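# A look at the structure
The lines below spell out each chain.
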Amino acid sequence: MDAYLFSQYLLSGIVIGLIYSLMALGITFIYSIMKMINWAMGEFYMIGSYVQYALLVTLLPPERWYLALPLAMGAVFLLGVVTQRLLLRPMYVGGIERRDEYATIITIALMVFFRNLAIVLGGPNQYAPKDYARATTLGTLPISGNRVVALVAAIVLLTLFSLMVKQTWLGRAFRGAAQNRVGIQTAGIDVLRLDMLAFGVGVALAAAAGALLAPDFLVYPENGAISTFKGFEIIVIGGLGSIPGSVVGGVLLGVIEALGSVFIASAYKDLYGFVLLIALLVLRPTGLFGERERTV
Amino acid sequence: MRGRTWPTKAAAVLVAIVACGFTAPALAQKPVKIGVLTPLSPPGDASAGQFIVRGAKMAADDVNARGGVLGGRKIELVTEDDSGTPEKGVAGFRKLATLDQVVAVIGQFHSSVMGAVQELAEQFKIPVFATQASARSLTEKHLTYTFRTHVIDPDRVSLWNRWIKQHDFKRVALIAENTDYGVGLVEETKRLFKSMDVQADLKTVIFDRAVVDLTPQLLEIKNWKPDLVLNGGVGTPVYLVIKQAHDVGLFPAVPMLVSYDLPARPEFWKNLGDKGAYLTFIVYYHPTMKLTSRGEAFRAKYREQYKEDPVYGALNAYAQVALVADALNDAKSDTGEPLVKALLSNTFEGWNGTISFSHGEGPYWQQWTPPMLFLQYTKPEMPFGEAKIVFPPQFKTGDLLMAPKR
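Further remarks concern the confidence of the model for chain B. Residues and elements named next belong to chain B. Put simply, chain B has an average pLDDT of 91, and 93% of its residues get 70 or more. Contacts of residues 18-27 to residues separated by more than four positions or lying in other chains number zero contacts, the stretch itself having pLDDT below 50. Both scores are given for the predicted complex: the pTM is 0.84, the ipTM 0.87.

Here is the structure:
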């Protein structure tokens, strides 16, 4: 195997890993603020892809995909806010004792509901919006234009998200909530409203991934399943609650899967990520960038 | 009777009349149920399932319009979604057998599902029909209640091997999903490459059906420098392989053959756009084919109802429901054993020929095989009816066209 071919596989892994890290970021962000796992994350990815497709075949011409993207994210953000307000807020105000179980049941029910709703509304068939850009070459890698667009958009969104968290008042509030939900209430911050925003932002990131990958990975009711799966792997590898962990974990997973499927066997592509995950859990249970929870 | 008085006789006659009045129409009107167990949601090839249901419904309507079966009983279809997964298929079959009490089940599309439900068919003594499930092992088990009116993998592979030899392809890559169908294709191709003395190198890549990013596998194939790629995906993976092979510059520079008739479906061009041009694919039906009178009537009605040409899945499902109806009449019974006897001892009018089942050797057990053609789309948005038949030679309407260099 020469260096040229190796670099192709490596690059393809880095590209897909970075795109998957958008999904992981959404999961880890919601977890950080609300201390719950959203099992329906893939369905928000799926809804993002459907909204993008619907906009591009009805309201907008295909070449205006970049206008459809924020609209798809916005629509899913609103859906997330409403979902959080109606179904998840009772966890924090209704005196529910088993909060984790409640969140698991509600989000799994949402997953089933959204999948079936997609079948009812859009049928079980696949759809695909027109390509966002022409196929090109990235270094040594021949690559779809859509994936280049998704890569650039993922980097932009990750940067914007990072700036928002570090530089803005809202970001400080989010960080505060992540550290101590009770503590920030003493500073006059409405933590329930913050939960609503965090859930909306988290699912909007998943929707962005769905909308960006729609031309390459198609639009169909179960298209979010694999990205949820990857998202969870990434956050465990990178460390739950860590933004750099999501990015590094994503890239690491993408590279290991790409190389494993070429050098070992492609039929077990999903297995390689799990081997890495298990190894990390043994050697560093908090993940690459995770921190041990402080207890008083 | 001598001892009975006339009021007793009159009462007996009255009871008999009333009894006949209630029971005879009740029996005559009790519908005969046929199950349609097929993929109607992902991860199964749900689009295929929809076409199968269309064909089955139209057949049930036709049979009922002609007076039904078994002296006037109507056919009632009970549709169940197997999602292309064995566990849902098994649950669906159990429901059809126990709750709905169907007399036969058609619509099986995924080989892995068919493999799981055919054991139940034996248990419940209900004939099950593979409508588009093609794994060799399904009929090779020589089960009493398994029937198939679809091609089997050895025939499919044998035909593409003949095509490979004819075109003198030297390096053939087969990318297939990790299902019974995909793995079966890989094994069959390896086996028949030897026995048919195909003078070409073969590279096989099996991918996980759930995986959506196939770039590393396709780069690996591209770097192997094949002169033909065989696409052994089913449903969504077929599209993913074509799209991503196009993106890495593998297809259409290297010709690609899709292993079944998915590109014949109306949504094909919507999903692929220009990337579908120069694709070659296997079909079992072409709009220019001459059909039986039953097939012609169905085709005309389908065109009128859906404003498009029927696809093979719809034709085959139509023929299967129609032949089950014929077999019920021949058997004069709606139970499993007489029905199987009738299926084996009679011939039935299919959509393009006469269907008969026999106990052949190996996978040719209770198996009837439709014809196979290789078609090629030579330009974007090409209607299915205009696609060129490039193989076998006796049906050819055009030569395999290579894509211009990009």
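This part is about the packing of helix α2 (residues 41-58) of chain A against helix α5 (residues 99-122) of chain A. Residues and elements named next belong to chain A. Remark: α2 packs on α5, axes separated minimally by 9 Å, with the N-to-C direction vectors making an angle of 25 degrees. Accordingly, the angle class assigned to the pair α2 and α5 is roughly parallel. Pair α2 / α5 crosses with left-handed handedness. Each of Glu43, Met46, Ile47 and Tyr50 in α2 lies in contact with α5, whose residues at this interface are Leu110, Met111, Phe114, Arg115, Ala118 and Gly122. Its residues assigned to classes, the contact of α2 with α5 shows seven nonpolar, one polar and two charged.

Residue and element names in this part refer to chain B. Once the domains are mapped, chain B shows domain 1 (31-151 + 290-356) and domain 2 (154-283 + 372-395). Computed over C-alpha atoms, the centres of domain 1 and domain 2 are 28 Å apart. If you look at the interface, domain 1 gives 15 residues, while domain 2 gives 20 residues. Sorting elements by how many residues they give to the side of domain 1 that touches domain 2 places helix α4 (residues 111-124) first, with three residues. Of the residues assigned to the side of domain 1 that touches domain 2, the class counts are five nonpolar, six polar and four charged.

We now examine the interface of chain B and chain A. Taken residue by residue, the interface counts 30 residues in chain B and 30 residues in chain A. Counting only elements with at least two residues in the side of chain B that touches chain A, the list comes to α2 (46-65), β7 (201-207), α8 (215-224) and α9 (236-247) of chain B. Counting residues per element, the side of chain B that touches chain A draws most heavily on α8 of chain B, at six residues. Of the residues in the side of chain B that touches chain A, the class split is 14 nonpolar, ten polar and six charged.

The next point concerns the sheet that holds strand β13 (residues 373-376) of chain B. Residue and element names in this part refer to chain B. An order of β7-β6-β8-β9-β10-β13-β14 is seen for the seven strands of this open sheet, with the pairing classed as mixed. Edge strands, defined here as strands with exactly one partner in the open sheet, are β7 and β14 (388-391). Going across the sheet, the axis of each strand differs from the next one's by a mean of 25 degrees, ignoring polarity. Here strand β6 (residues 171-177) runs beside β7; their pairing, made up of seven bridges, is parallel. Counterpart to Leu174 in the pairing with β7 is Thr204. α8 contacts β6, β7 and β8 (228-232) of the sheet and is inclined by roughly 175 degrees relative to β7. Across the sheet, α9 touches β6, β8 and β9 (256-258), and the angle it forms with β8 is around 150 degrees.

Counting residues in hydrophobic clusters, the biggest one holds 221 residues, and the most contacted among them are Val76 and Ala207 of chain A together with Val229, Tyr318 and Val321 of chain B. Looking at this core element by element, the count peaks at 18 residues for helix α9 (residues 191-217) of chain A. Mapped onto the domain boundaries, this core takes at least three residues apiece from domain 1 (31-151 + 290-356) and domain 2 (154-283 + 372-395) of chain B. In this view, Val229 of chain B contacts Ala173, Ile175, Ile221, Ala245, Leu250, Phe251, Val254 and Met256 of chain B; residues no more than four positions away in its chain are not counted.

All names here are of chain B. When you tally the buried positions in β6, you get six out of seven residues, the bulk of the element. Viewed along the sheet, the connection from β6 through helix α7 (residues 180-195) into β7 turns out right-handed. Alignment of β6 against β8, held across five bridges, turns out to be parallel. Across the sheet, Ala173 pairs through a bridge with Val229, a residue of β8.

We now examine α5 of chain A. Because each turn of an α-helix spans 3.6 residues, side chains separated by three or four positions in sequence point in the same direction. Residues and elements named next belong to chain A. Taking 1.5 Å of rise per residue, the 24 residues of α5 would be expected to cover 34 Å, and the 34 Å separating its terminal C-alpha atoms lies within 8% of that figure. All of the buried residues in α5 are Ala103, Thr107, Met111, Phe114, Arg115 and Ala118. Residues of α5 that are buried make contact with α2, α3 (65-88) and α4 (90-93). One or two steps after α5, the chain reaches Gly123, where phi turns positive at roughly 75 degrees.

The next point concerns α2 of chain A. Helix length check: α2 of chain A, at 18 residues, gives a terminal C-alpha distance of 26 Å against a target of 26 Å (1.5 Å per residue), a fit within 8%. Within α2 of chain A, 15 of the 18 residues are buried, which leaves it mostly tucked inside the rest of the structure.

About the criteria used
- Residues numbered from 1 in each chain as written.
- Chains lettered and ligands numbered in written order.
- Predicted model: local features only at pLDDT ≥ 70, side-chain atom pairs only at ≥ 80, totals over all residues.
- pLDDT = per-residue confidence, 0-100.
- Contact = placed C-beta atoms within 7 Å.
- Axes fitted to C-alpha atoms, helices over the stretch in contact; angles between N-to-C directions.
- Helix = DSSP H or I, 4+ residues; strand = E, 2+ residues; numbered from the N terminus.
- Parallel < 35°, antiparallel > 145°, perpendicular 65-115°, else oblique.
- Left-handed = near helix turned anticlockwise from the far one by under 90°.
- Nonpolar A, V, L, I, M, F, W, Y, C, P; charged D, E, K, R; others polar.
- Domains from an automatic or database assignment.
- Pairing = 2+ DSSP bridges.
- Core = buried A, V, L, I, M, F, W, Y, C linked by C-beta atoms within 7 Å.
- Buried ≥ 20, exposed ≤ 12 C-beta atoms within 10 Å, placed from the backbone.
- Right-handed = clockwise from strand over helix to strand, strands pointing away.
- Expected span 1.5 Å × (residues − 1).

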